[in-house]
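Chain by chain, the residues:
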Amino acid sequence: MSRDALAIRTLPADHIYVWELAGDRNLYSAVLHNIAIINRSESRVILQSVIAELVRQNVSIQTRTFSSQELERSAMYMHEAQQQGLLSAYGFVFRPDLLLGDDNKLAPTTTLAPGQALFLGSHAFLIPMKCDGFRITTIAKDDGKRTVQGMTKLRLTEYRSKNTYRFPAHGTWYVSAGANLFSGHRWVVCQEFGLDLIRLGDSGGFYAGSGSTVENHYAYGSEVLAAADGIVVKSVDRFADSSNRLPQENETNQMYWKRLLATTSEWLVGEAARAAGNHILIRHDGEEYSLYGHLQPSSICVEEDEHVRAGQVIGRLGHSGNSPFPHLHFHVCDGEDFMYARVLPIRFSNVAVLQRPALTGYLHTGDIVSSY
Ligand SMILES: [Zn+2]
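What this report covers is the structure whose coordinates are included nearby. (Residues numbered from 1 in each chain as written. Predicted model: local features only at pLDDT ≥ 70, side-chain atom pairs only at ≥ 80, totals over all residues.)

1. Focus on the environment of glycine 121
- Positionally, glycine 121 belongs in the loop between β10 (117-120) and β11 (123-127).
- Each C-alpha atom of the pair glycine 121 and valine 233 lies 33 Å from the other, and the pair is 112 residues apart in sequence.
- The contact partners of glycine 121, leaving out residues within four places of it in the chain, are Asn34 and Ser74. (Helix = DSSP H or I, 4+ residues; strand = E, 2+ residues; numbered from the N terminus. Contact = placed C-beta atoms within 7 Å.)

Spelled out as structure tokens, the structure:
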């Protein structure tokens, strides 16, 4: 048996941050974002399976086996995506630079010629106890029907933030995207634990009237506050509000989302950071950075290199960038190039969740929160 004829690279590499689903029940989730399997041997190999095991003290406590049929399907889709240039167009999602390098081409099937690779997309795991990490193994047959394999390990880590963060706005807000699995954010490393926040009006809705103008939305124009002390490292104000992305009169919800999704790629392909619209990035202690996206044109009232204090007004909320409706995109990440950094799970020191006891301060999709 030949070991490590197959190289396995993962995104993230080295370690994955778990997200607490229910701390009182010791339930966590983890997303293994991408796996690339590269044939490092001199001969052609046919992949048989990929096995991801959750490991605790070297004992496997949960196993997810990707069958040869699943691998075949993924090979077909991802090869097609690479052919169409989508892997590089959405480089911030798939990171072909890290996973494949310059010369590795994806194979269209599970048969990998020397140097060819297979790419697997995101998979989520429900973790019922504290675990040490993942062990990922792949098994294949070479031309002589001998077994070849590869193996890699990843740690699971519960992230402990270096700073105390305050909620970045006043008032009552709906968490339309949090880090539990019902949001697009969770499936992309550079957005994984990010929040989308929509302000609620006294009526409990997001807007008055039809919502077809930005001014109807309660979030629009709300003050955005620095979440912690720090230094402004990016202050970008060059986008108009995306008013054509609001629901129109007589447009059903289904028609609206169809129209919206059809134009989303325009924001994400190319200079993907444009998706944040007008935005501010603040550097905090311990190489943590907070991002405030979709701000109102000409509302930013801080400059690059300026020191800011927690709770200071830094701008007003708008509807710029890839914004379906006026909302604040907020996250804390580990690097200045925020489309290629890693978003970190953080909690706020000053929020109450109205419909459940916020036992740990982590916010979930669907929470209604109020800052104090
Ligand atoms: Zn967002």
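2. Topic: the sheet that holds strand β17 (residues 230-236)
- Read across the sheet, 9 strands follow the order β20-β17-β18-β19-β22-β15-β14-β24-β23 without closing on themselves; strand pairing throughout is antiparallel. Since the sheet does not close on itself, it has two edges, and those belong to β20 (307-308) and β23 (351-353), each with one partner.
- In the sheet, β17 pairs with strand β18 (residues 278-284) via 5 bridges, with the strands oriented antiparallel. Of the residues in β18, the one forming a bridge with lysine 234 is leucine 281. (Pairing = 2+ DSSP bridges.)

3. Here's the deal with the environment of valine 31
- You can see valine 31 is positioned in strand β5 (residues 27-32).
- Put simply, valine 31 and valine 189 are 158 residues apart on the chain and 9.2 Å apart in space, counted from C-alpha to C-alpha.
- With residues near it in sequence (within four places) discarded, valine 31 still touches Ser122, Ala124, Arg186, Trp187 and Glu192.

4. Quick look at helix α5 (residues 253-268)
- Compared with the 22 Å implied by 1.5 Å per residue over 16 residues, the 23 Å span of α5 between its first and last C-alpha is a close match.
- Burial of α5 is sparse: only 1 of the 16 residues sit out of reach of the surface.
- Of the residues flanking the end of α5, it is glycine 270, one or two places downstream, whose phi is positive at about 90 degrees. (Expected span 1.5 Å × (residues − 1). Buried ≥ 20, exposed ≤ 12 C-beta atoms within 10 Å, placed from the backbone.)

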